[in-house]
Amino acid sequence: MNKKRFVERMVEHTDSPKSEAEKHLEAFTASVSEALKAGEEVQLPGFGKFYVREQKAREGRNPQTGESMQIEARKV
């Protein structure tokens, strides 16, 4: 489901205007993003848990050339 369809479903369930549903979705995603950037976990019982974790450096392969390459550690 993409963002457009998600907003349409929100409108169906709440009988609110589309612009208001879009505003609420933007507020939700912004709030979750801010919390994750601050290092917090966001847990919504019955829905899911959002968190940032460290991914170790690893060796990968370039799919176009098949050449081995080092992938740096990062947060996901």
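Computed from a predicted model, the values in this text were never measured in an experiment. (Residues numbered from 1 in each chain as written. Predicted model: local features only at pLDDT ≥ 70, side-chain atom pairs only at ≥ 80, totals over all residues. Heavy atoms only, no water.)

1. Description of the side chain of Ser-16
- Within the secondary structure, Ser-16 is located in the loop between α1 (3–14) and α2 (18–37).
- For Ser-16, a relative accessible area of 16% gives the class buried.
- A polar contact of 2.8 Å, which involves the side chain of Ser-16, links it to the side chain of Thr-14.
- For Ser-16, the residues in contact, after removing those within four places along its chain, are Val-11 and Ala-21. (Helix = DSSP H or I, 4+ residues; strand = E, 2+ residues; numbered from the N terminus. Buried < 20%, exposed > 50% of the residue type's maximum accessible area, 1.4 Å probe, protein only. Polar contact = N/O pair within 3.5 Å; in protein donor to acceptor, adjacent residues only side chain to side chain. Contact = heavy atoms within 4.5 Å.)

2. Describing the environment of Ala-57
- In this structure, Ala-57 sits in the loop between β3 (54–55) and β4 (58–61).
- Overall, Ala-57 belongs to the partly exposed group, its relative accessible area being 45%.
- The sequence separation of Ala-57 and Glu-72 amounts to 15 residues, and the corresponding C-alpha distance is 4.6 Å.
- For Ala-57, the residues in contact, after removing those within four places along its chain, are Gln-70, Ile-71, Glu-72 and Ala-73.

3. What about the pattern of salt bridges?
- What the rule picks out here adds up to four salt bridges.
- Salt-bridge contacts for Glu-26 lead to Lys-3; the nearest nitrogen and oxygen are separated by 2.2 Å. Of this pair, Glu-26 sits in helix α2 while Lys-3 sits in helix α1, placing them 23 residues apart in sequence.
- Where Glu-41 meets Lys-49, a salt bridge forms, and the shortest distance between an N and an O atom there is 3.6 Å.
- Lys-49 gets classed as partly exposed once you look at its relative accessible area, which sits at 45%.
- A single salt-bridge network, built from bridges that share partners, covers Arg-5, Glu-8 and Glu-12. (Salt bridge = Lys/Arg side-chain N within 4 Å of Asp/Glu carboxyl O.)

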